[in-house]
Amino acid sequence: QQQVKQSPQSLIVQKGGISIINCAYENTAFDYFPWYQQFPGKGPALLIAIRPDVSEKKEGRFTISFNKSAKQFSLHIMDSQPGDSATYFCAARSNEKLTFGTGTRLTIIP
Amino acid sequence: GAVVSQHPSWVICKSGTSVKIECRSLDFQATTMFWYRQFPKQSLMLMATSNEGSKATYEQGVEKDKFLINHASLTLSTLTVTSAHPEDSSFYICSARVPQGSYEQYFGPGTRLTVT
């Protein structure tokens, strides 16, 4: 079964801190791993994505770390801001279909 | 670039009626679009893959006769919920796949359906 496990379910981080969300997968056919940010009542927006032949990708305050052998990848949000408070989903793609993680509700407190 | 719109943003309908949701790619042509359903505080679940000019491919457990999908042009896919019931109330989100490069999916803003 194609599953993507995501943790934690919720996360509270102080402003300026680092937010870390983790995902793990089983299916080695996944070939693309995007992260999405979703605000209440809105559709998901692509944040950053990585391919399995790369171990790390950084875009601004967002970094993906990818461990192919462990089948794990994570999102790091540096210098977290209140505007980052949202639900984050990891996803994995196989045969053009996306499988989503269960989501992490991130709250940044002042 | 890569903007996807949905219409309506929210709709309320009575049980037993049908409702149509439109998904448009505004600045690119999308041969493939996807329809997802998201229940409150849950993840996105893929319902079906919509290919322009051909029949949609439905995920296991999704009733194709209840959720009619039409992808008649390269920029428009529609989802019709037929004979809607309260349990169909959900947030429906479409995505469109860019036809080159990373083949990334860009998501619409979603449609909140409430069936009374």
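Just above sits the structure.
The text that follows walks through the structure, step by step, so that each part is easy to find. (Residues numbered from 1 in each chain as written. Chains lettered and ligands numbered in written order. Predicted model: local features only at pLDDT ≥ 70, side-chain atom pairs only at ≥ 80, totals over all residues. Heavy atoms only, no water.)

**Description of the sheet that holds strand β7 (residues 62-67) of chain A**
Residues and elements named next belong to chain A.
In step 1: Within the open sheet, the 5 strands sit side by side as β1-β3-β8-β7-β6. Their pairing is antiparallel. Looking at strand neighbours, the two that pair on one side only are β1 (4-7) and β6 (56-59), the edges of this open sheet. Taking the axes of each pair of neighbouring strands and ignoring which way they run, one obtains an average angle of 15° across the sheet.
In step 2: Where β1 lies against strand β3 (residues 19-25), 4 bridges are found, and the strand directions are antiparallel. Counted as the bridge partner of Q6 is C23 from β3. (Pairing = 2+ DSSP bridges. Helix = DSSP H or I, 4+ residues; strand = E, 2+ residues; numbered from the N terminus. Axes fitted to C-alpha atoms, helices over the stretch in contact; angles between N-to-C directions.)

**Brief notes about the pattern of salt bridges**
Residue and element names in this part refer to chain A.
In step 1: Applying the stated criterion to the full structure yields 7 salt bridges over all chains.
In step 2: Across the salt bridge formed by D31 and R93, the nearest N and O atoms sit 3.6 Å from each other. Of this pair, D31 sits in the loop between β3 and β4 (33-38) while R93 sits in strand β9 (residues 86-94), and the two are 62 residues apart along the sequence.
In step 3: Looking at D31, the relative accessible area reads 34%, which means it is partly exposed.
In step 4: Using a relative accessible area of 9% as the deciding quantity, one classes R93 as buried.
In step 5: Measuring nitrogen to oxygen at the nearest pair gives 2.8 Å for the salt bridge that ties R61 to D84. Taken together, the residues span a long stretch of sequence, with R61 in the loop between β6 and β7 and D84 in the loop between β8 (72-77) and β9 at a distance of 23 residues.
In step 6: The exposure class assigned to R61 is partly exposed, which follows from its relative accessible area of 28%.
In step 7: Judged by relative accessible area, D84 falls into the buried class, the value being 5%. (Salt bridge = Lys/Arg side-chain N within 4 Å of Asp/Glu carboxyl O. Buried < 20%, exposed > 50% of the residue type's maximum accessible area, 1.4 Å probe, protein only.)

**Side note on the sheet that holds strand β1 (residues 4-7) of chain B**
Residue and element names in this part refer to chain B.
In step 1: Strand order in the open sheet formed by 4 strands is β1-β3-β8-β7, with antiparallel pairing between adjacent strands. Two strands lie at the open edges of the sheet, namely β1 and β7 (67-73), each paired on one side alone. This sheet shows a mean twist of 15° between the axes of neighbouring strands, independent of strand direction.
In step 2: Pairing of β7 with strand β8 (residues 76-81), which is carried by 5 bridges, proceeds in the antiparallel orientation.

Geometric values such as these leave the question of function open.
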